[in-house]
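Residue-level listing of the chains:
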Amino acid sequence: MKKSTKKELVEINRFRSLFPKEIKVRIIPCEDGSRVSYTIRISEFPNAITEAENLDDLITMASDCVATVLRVPKKYLPFMPRYLPSMEIAQYMNAFPRLKIVRSGELSIKESCG
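Each value, and the rule that gives it
Residues numbered from 1 in each chain as written. Predicted model: local features only at pLDDT ≥ 70, side-chain atom pairs only at ≥ 80, totals over all residues. Heavy atoms only, no water. Helix = DSSP H or I, 4+ residues; strand = E, 2+ residues; numbered from the N terminus. Buried < 20%, exposed > 50% of the residue type's maximum accessible area, 1.4 Å probe, protein only. Contact = heavy atoms within 4.5 Å. Salt bridge = Lys/Arg side-chain N within 4 Å of Asp/Glu carboxyl O.

**Details of the overall build of the protein chain**
- When helices and strands are counted, the protein chain shows three helices and five strands.
- The order of helices and strands in the protein chain, counted from the N terminus, is α-β-β-β-α-β-α-β.
- Every one of the 114 residues in the protein chain was classed for burial, and the buried ones make up 37%.
- Within the protein chain, contacts between residues at least 6 apart in sequence are counted, and of these 55% link residues at least 24 apart.

Written as structure tokens, this is what we have:
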């Protein structure tokens, strides 16, 4: 991997500063027979909508959606924050056992460190 120039580091930091520390997402399940997918709306950006089939998709797609809205150049994407969902979201998406069934609602996803 080539070393970033001072100018690139300034740009990377500028884009990183645009990312909210936490985002609120509305998760809407879509059932198609035995398959469930989820439509994800990001509250901080009214037109930011993406889809996910599982928790891994949610992490990737929510973070990518924010980067797209903020118009982050592709070469800087590896340096941008990733949003990690709470255990509540993981349980909602059946990635971990859940204690109670929740149909829909607004939840928070916090930026991961590193």
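There's more to say after this.
**Notes on the side chain of S37**
- Its location among the elements puts S37 in strand β2 (residues 35-42).
- Ignoring any residue separated from it by four or fewer positions in sequence, one finds S37 in contact with I28, P29, C30, A52 and E53.

**Structural notes on the pattern of salt bridges**
- For the structure shown, the criterion picks out three salt bridges.
- In this structure, K75 engages E8 in a salt bridge whose closest nitrogen and oxygen atoms are separated by 4.0 Å. Linking K75 in the loop between α2 (55-69) and β4 (83-85) with E8 in helix α1 (residues 6-18), this pair joins segments that are 67 residues apart in sequence.

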